[in-house]
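Take a look at the letters that make up each chain.
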Amino acid sequence: MDSELSLEKKIRELGLDIYSSIREVPPALDTRRWMGKIMEWSMKDKDFKTRLFRFIDVLPSLKTDELIVRLLHEYFTDVDTPKIIRGAIERISRQGFLPKMTATLVRKSVESLARQFIAGKDPEDALNSLAALGKENLAFSIDLLGETVVSDKEARNYQERYLDLVGFLRGEIGESVDTGSGHDISLKISSFYSQLDPVDWFGSVKQTKEALRPILRKAKELCISVTFDMEHYYYKDLTIAVFQSLLEENEFEALPLSGIALQAYLKDTKEDLLRLIGWAKEKSRRVTVRLVKGAYWDYEVVINRQKGWPVPVFLNKEETDRNFEELTKILLENTRFVSPAIATHNIRSISYALALADFLSLPKEAFEFQMLYGMAEPLREALQRIRCTVRVYAPVGGLIPGMAYLVRRLLENTSNESFLRRSFVEKSPFEELIQAPQTPQKAEVGRSLSGAFRNEPDLDFSLSKNREKMADALKDMRNEFNKRYPLFISGGEILTDGETVSLNPSAPHEVIGRVSFGQKKEAEEAIEGATKACKEWRRTDPKERAEYLLRTAAKMRQKKFELAALEIYEVGKTWKDADADVSEAIDYLEFYSREMIRLGKPKILGDYPGEENEYVYNPRGIGVVISPWNFPLAISTGMVSAGIVAGNCVIFKPSGLSPVTGYKLVEIFSLCGLPHGVLQFLPGSGEEVGEYLVSHPKIDFIAFTGSRDVGLRIIRVAGETRKGQRSVKKIIAEMGGKNAIIIDETADLDEAVKGVIESALGYQGQKCSACSRVIVVGDIIKVFLNRLKGAAESIQIGPPEEPGTFMGPVVDKEALKKTKGYVEIGKNEGKEVLIRAVQEEGYFLGPAIFADAPPESRIAQEEIFGPVLAVMKAKDIEEALEIANMTSYSLSGGLFSRTPSVIKKVKDEFRVGNLYINRKITGALVGRQPFGGFGMSGVGSKAGGPDYLLQFMNPVCISENTLRRGFAPLE
Ligand code: NAD
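Caption draft 1: Layout of the overall build of the chain. Helix and strand counts for the chain come out as 33 helices and 31 strands. A compact globule built from 971 residues should have a C-alpha radius of gyration of about 30 Å, and the chain, at 32 Å, falls within 12% of that. Once the C-alpha set of the chain is aligned to its principal axes, its extents read approximately 95 × 80 × 70 Å. Sorting the 971 residues of the chain into buried and exposed places 58% on the buried side. Sequence separation of 24 or more characterises 77% of the internal contacts of the chain that already satisfy a separation of 6 or more. Taken as a whole, the chain presents about 40800 Å² of accessible surface, with 51% of it coming from carbon and sulfur. Charge separation in the chain, taken as the distance between the mean sites of 132 positive and 137 negative side-chain charges, equals 2 Å.

Caption draft 2: The arrangement of the packing of aromatic side chains in detail. Throughout the structure, instances matching the rule amount to 28 aromatic pairs. For the ring pair F48 and F76, a centre distance of 6.0 Å and an interplane angle of 55° mean the geometry is tilted. Of the two residues, F48 sits in helix α3 (residues 46–58) while F76 sits in helix α4 (residues 65–76), which places them 28 residues apart along the sequence. Across the pair, F76 and F48 agree in class, each one buried. On the basis of an interplanar angle of 65° and a centroid distance of 5.8 Å, the ring pair of Y663 and F681 is categorised as edge-to-face. One end of the pair, Y663, is in helix α25 (residues 659–671); the other, F681, is in strand β18 (residues 679–681), and 18 residues separate them in sequence. For the pair Y663 and F681, one class covers both residues: buried. Connected via pairs of aromatic rings, a cluster forms that spans F453, Y588, F591, Y592, F701, Y948 and F952. The ring of Y405 carries the charged tip of R409 above its face, separated from the ring centre by 4.6 Å.

Caption draft 3: Spatial organisation of the site of the ligand. Within the structure, the ligand sits among 27 residues, and S627, K653, S707, M735 and E863 are positioned closest to it. Measuring from an oxygen atom of the ligand, one finds a side-chain N or O atom of K653 at 2.8 Å. Contacts to the ligand include E863, whose side-chain N or O atom sits 2.6 Å from an oxygen atom. Protein chains shield 89% of the accessible area of the ligand, which is 850 Å² for the free molecule. At the level of elements, α26 (686–695), β19 (701–705) and α27 (708–719) are the ones that each hand at least two residues to the shell around the ligand.

Caption draft 4: View of the sheet that holds strand β31 (residues 953–961). Pairing in this open sheet of three strands is antiparallel, and the strands run β14-β15-β31 from one edge to the other. The open sheet has two edge strands with one neighbour each: β14 (603–605) and β31. Adjacent strand axes in the sheet meet at a mean angle of 30°, parallel and antiparallel pairs treated alike. One ladder, built from three bridges, connects β14 with strand β15 (residues 611–619); its direction is antiparallel. Looking across to β15, one finds that I604 is bridged to E614.

Caption draft 5: Just the pairing of strand β21 (residues 739–743), in detail. Summarising burial for β21: five of the five residues are buried, a large majority. Where burial is concerned, the two faces of β21 agree: the one with N739, I741 and I743 and the one with A740 and I742 are both buried. One ladder, built from five bridges, connects β21 with strand β22 (residues 771–777); its direction is parallel. If you follow I742 over to β22, its bridge partner there is I775.

Caption draft 6: Broad picture of the pattern of salt bridges. This structure, assessed with the given rule, holds 63 salt bridges. Between D229 and R290 there is a salt bridge, with the nearest N and O atoms lying 2.8 Å from each other. Of this pair, D229 sits in the loop between β3 (225–228) and α10 (236–247) while R290 sits in strand β5 (residues 287–292), placing them 61 residues apart in sequence. Using a relative accessible area of 3% as the deciding quantity, one classes R290 as buried. Ionic pairing is found between K827 and E824, a salt bridge with its closest N-O pair at 3.1 Å. With K827 and E824 both in helix α30 (residues 813–829), this residue pair falls three residues apart, about one helical turn. One connected set of salt bridges, linked through shared partners, spans K236, D237, D268, E271, D272 and R275.

Caption draft 7: Examining the packing of helix α13 (residues 317–333) against helix α14 (residues 347–359) more closely. Closest axis-to-axis distance for the α13/α14 pair is 10 Å, and the angle between their directions is 30°. Overall, the two elements α13 and α14 adopt an arrangement that is roughly parallel. The hand of the α13/α14 crossing is right-handed. Across the interface between the two elements, F324, E325, T328, K329 and L332 of α13 pack against R348, S349, Y352, A353, L356 and A357 of α14. Here the contact of α13 with α14 is composed, by residue class, of six nonpolar, two polar and three charged.

Caption draft 8: Highlighting the nonpolar core. Within the largest apolar cluster, 135 residues are counted, with the highest numbers of intra-cluster contacts made by I185 and F228. Looking at this core element by element, the count peaks at eight residues for α14. I512, V515, L665 and I702 belong to the second largest nonpolar core, which has 96 residues in total.

Caption draft 9: Here's a closer look at the sheet that holds strand β24 (residues 848–851). Taken together, the seven strands give an open sheet; going across it, the order is β23-β24-β25-β22-β21-β27-β28, and neighbouring strands pair in mixed fashion. In this open sheet, the two strands that pair with only one neighbour each are β23 (831–835) and β28 (914–917). The sheet shows a mean angle of 20° between the axes of neighbouring strands, taken without regard to direction. α30 rests against β23, β24 and β25 (868–874) of the sheet, and its axis sits at about 25° to β24. Sheet strands touched by helix α33 (residues 900–909): β27 (892–896) and β28. Its angle to β28, the strand with the most contacts, is close to 170°.

Caption draft 10: Structural view of the pairing of β27. Most of β27 sits out of view: five of its five residues are buried. Where burial is concerned, the two faces of β27 agree: the one with S892, G894 and F896 and the one with G893 and L895 are both buried. Pairing between β27 and β28: four bridges, direction parallel. If you follow S892 over to β28, its bridge partner there is N914. Taken together, β27, α33 and β28 form a β-α-β motif whose crossover is right-handed.

Caption draft 11: Representation of the environment of L130 in the model. Checked against the element boundaries, L130 lands in helix α7 (residues 123–135). Here L130 falls in the buried class, since its relative accessible area comes to 0%. Residues L130 and V392, spaced 262 residues apart in sequence, show a C-alpha to C-alpha distance of 9.6 Å.

Caption draft 12: Expanded view of the side chain of S655. Secondary-structure assignment places S655 in the loop between β17 (649–653) and α25. When its relative accessible area of 9% is taken as the criterion, S655 is described as buried. Within the structure, the side chain of S655 is placed 3.0 Å from the backbone nitrogen of L657, a separation counted as a polar contact. Here S655 is in contact with S627, P628 and W629, once residues within four sequence places are set aside.

Rules used in this analysis
- Residues numbered from 1 in each chain as written.
- Predicted model: local features only at pLDDT ≥ 70, side-chain atom pairs only at ≥ 80, totals over all residues.
- Heavy atoms only, no water.
- Helix = DSSP H or I, 4+ residues; strand = E, 2+ residues; numbered from the N terminus.
- Rg over C-alpha atoms; globule rule 2.2 N^0.38 Å.
- Buried < 20%, exposed > 50% of the residue type's maximum accessible area, 1.4 Å probe, protein only.
- Contact = heavy atoms within 4.5 Å.
- Areas by Shrake-Rupley, 256 points an atom, 1.4 Å probe, with all protein chains shown as cover.
- Lys, Arg positive; Asp, Glu negative; His and termini not counted.
- Charge placed at Lys NZ, Arg CZ, Asp CG, Glu CD.
- Phe/Tyr/Trp six-rings, centres within 6.5 Å; stacked < 30°, edge-to-face > 60°.
- Lys NZ or Arg CZ within 6 Å of the ring centre and 35° of its normal.
- Near = heavy atom within 4 Å.
- Polar contact = N/O pair within 3.5 Å; in protein donor to acceptor, adjacent residues only side chain to side chain.
- Pairing = 2+ DSSP bridges.
- Axes fitted to C-alpha atoms, helices over the stretch in contact; angles between N-to-C directions.
- Salt bridge = Lys/Arg side-chain N within 4 Å of Asp/Glu carboxyl O.
- Parallel < 35°, antiparallel > 145°, perpendicular 65-115°, else oblique.
- Left-handed = near helix turned anticlockwise from the far one by under 90°.
- Nonpolar A, V, L, I, M, F, W, Y, C, P; charged D, E, K, R; others polar.
- Core = buried A, V, L, I, M, F, W, Y, C linked by side-chain atoms within 4.5 Å.
- Right-handed = clockwise from strand over helix to strand, strands pointing away.

See the structure below:
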């Protein structure tokens, strides 16, 4: 206790010394300069800050002066902009400033803002800034900024830039700048391998190491240290693994002190640090640990919440600060194994490190401080005055790649919790600044679920336990191959002579299962059984019916790995896609059960004494569910569960290409005690048993998802009234799409390329929402196509049971033949950008990209359902929309743009059921993005939305006269 008090005392003393020796405000926050003024407005006005940062983000990609002026107006001239800025922009227009002059002024201003935080465009350009740092006796670590790496080519380019940098540091900079503390470079592993993903742990480690070895070799030769930066949490364990495994290699044993950054905002970091120290001890190594607070806080909170994963960061800034101190202590107590680099601008955190070092009698050389280029200059001077080593983290890079970094710095400077803001702008009193970080009084309160619907989280494959379970499930599933599966009618299993043989599309000699084949006779039995079961089932309380769904959801959750493994083999989905399909199936069960509880309560209409008007929903009767193979569990589960929870009995016919997954769904319902006859399993031929059911007079509704031609045929056949038929059949038909993404010249190309690759090539383009047309506005098409091609060449194609696979096989021989046919058509209709050959056994086919196909050509009009993409050019957004709306389908569509008026126009005029802005167009989530189209893409309300269940029920209104002999019960 005593020592704690005296430590606090020391912290205050040292803090006060530093505080009182600070005379200046950092230039970035100096309100006498225009830059500081802008920062000040951003701090005062949140909305202005958002616009400003968004404008800065888009600016470098604007190719023409006219566009800069237009966006300047769009972002800043409405009523919410601070008057002074609005006035200035309006004045510029009034005075007839030419766009060229305005654009130049704007560009120069943002460049000088960037210059504040970025040392130079490239190492040569940064030479003067670095020399200036050297003169001040500051060490530095150089980080090369870059765009998101989407292809092997871009990763190689990055590697070369780093190799040049190392040479440059020893050469020109080495000669002119030598601070005695050694040069350091900082790098991020995601820049060196375009397919980096912990799902493919071994592949990612191997490829990244391969790319980094030449850099480490050169660094070793030239005596330059290397620090591995930490990025998003998803890459954290992978980064540590790559770092350690490289350093364990013989040739890098003698590498000059190298290091890794650890983030104090992560709850895991203490454990990681202790493990790292243990490892250094065991290997007799000494490594630098750059302790930072963490720069991706907002991202981690948003993304992990979106995914339904635990948020890995402390939600309270004080907790991060407290953790920072705890980690500093561990570092300073272990300087035999780690060389601490305390990276912060916070006087309290700095003073804590200094006081503790003093207590531990550590010499000043035992650790160093690190600060960011362009921030907190007065602080670093204060530290130098007390003879501490200070290293500046100096990013180097062009404006486009620099923007993400710049915006992060601006956010940091202007955020409410920023220490710099509190000390230099708000001038908080010293007492407040030096206070020990407090633990929050209340424990972190998670949002109460209280029964509300939440999407089922996908598996986090950055966790080794999930990767291991998936690998085990895949192994176990092989023992299930070639089994026979029966029909399931009225609770009885029926094995038939005829079978559907389900094959593994990656290795068609492997039989996943043999599923009995229903015919007319079995269809009649199923209808008869359903008719009997229906009497009781429709009377079952909606809540009870909903509970069957919830039990089924719980069971599916238990069997998640097993079901995903089955999909990987049966329909060629990758690990992530298969897992997402199971999550979506669980979502439907959870969502529709809650919907039924909502709709199951009778509504009382109006308020009239003596009369009671009740509005209720009754089941329709007996329905047929006909499903496709491409989301073999999710779509089937959605349609089946909606049908039965609404009180109907359902006959389920799965696709002939995914009958084993279909069987599993019925088996799980049955395990959960669903009464016999409520759900009948009747696989068989679509044309025969499917059509027989559709046309049967006892069928009341049909829920179909599949292709347009089959859907239209079903609508026609079901429309005919047959003898004995009691109801006009209700049809819910979700059909195909020919989905387009529009990209304009203000798009973030990193995001656009990634979004198109995922939307067009994910699951080999076999999603109904897949992108098969891209319409590019303006003159960015060349750059876009180049990057897209590079990315498509880099993705991994192979058996999806391999975790690194991005593209597996198409589903069967027919699909392969059909898609290859379209590739031939594409060669005639457009200009070949890429036709990637693949040599695998199985139904594999590489991506094919064609440019300049006319909008009315076949590859731009017909649903291909394979990895074939038509890229077209439009002169402006009007033409782009015209092309986009030119098909009869209206399912999903997307836009990548950072122009507000374009976003608005596309929202108003793009005729699709699901529109996505600045993100991929696949992966709709139940409850969040109810899914479904119109036009030739379907009839019916959106799956996973609030209107869906209504289609499975008849609304009934019951009016009762409650007045008896002049007496009415009063409320
Ligand atoms: P498909 O139309 O070939 O088959 C769908 C189902 O219909 C299968 O179960 C099949 O056996 C059955 N069927 C075939 N002929 C039939 C007939 N005459 N009568 C009754 N049933 C019959 O489609 P698919 O190849 O399984 O799936 C791919 C198609 O589904 C694509 O067009 C895709 O866009 C579409 N799809 C749409 C959505 C959506 O929500 N809009 C979702 C997934 C898939």
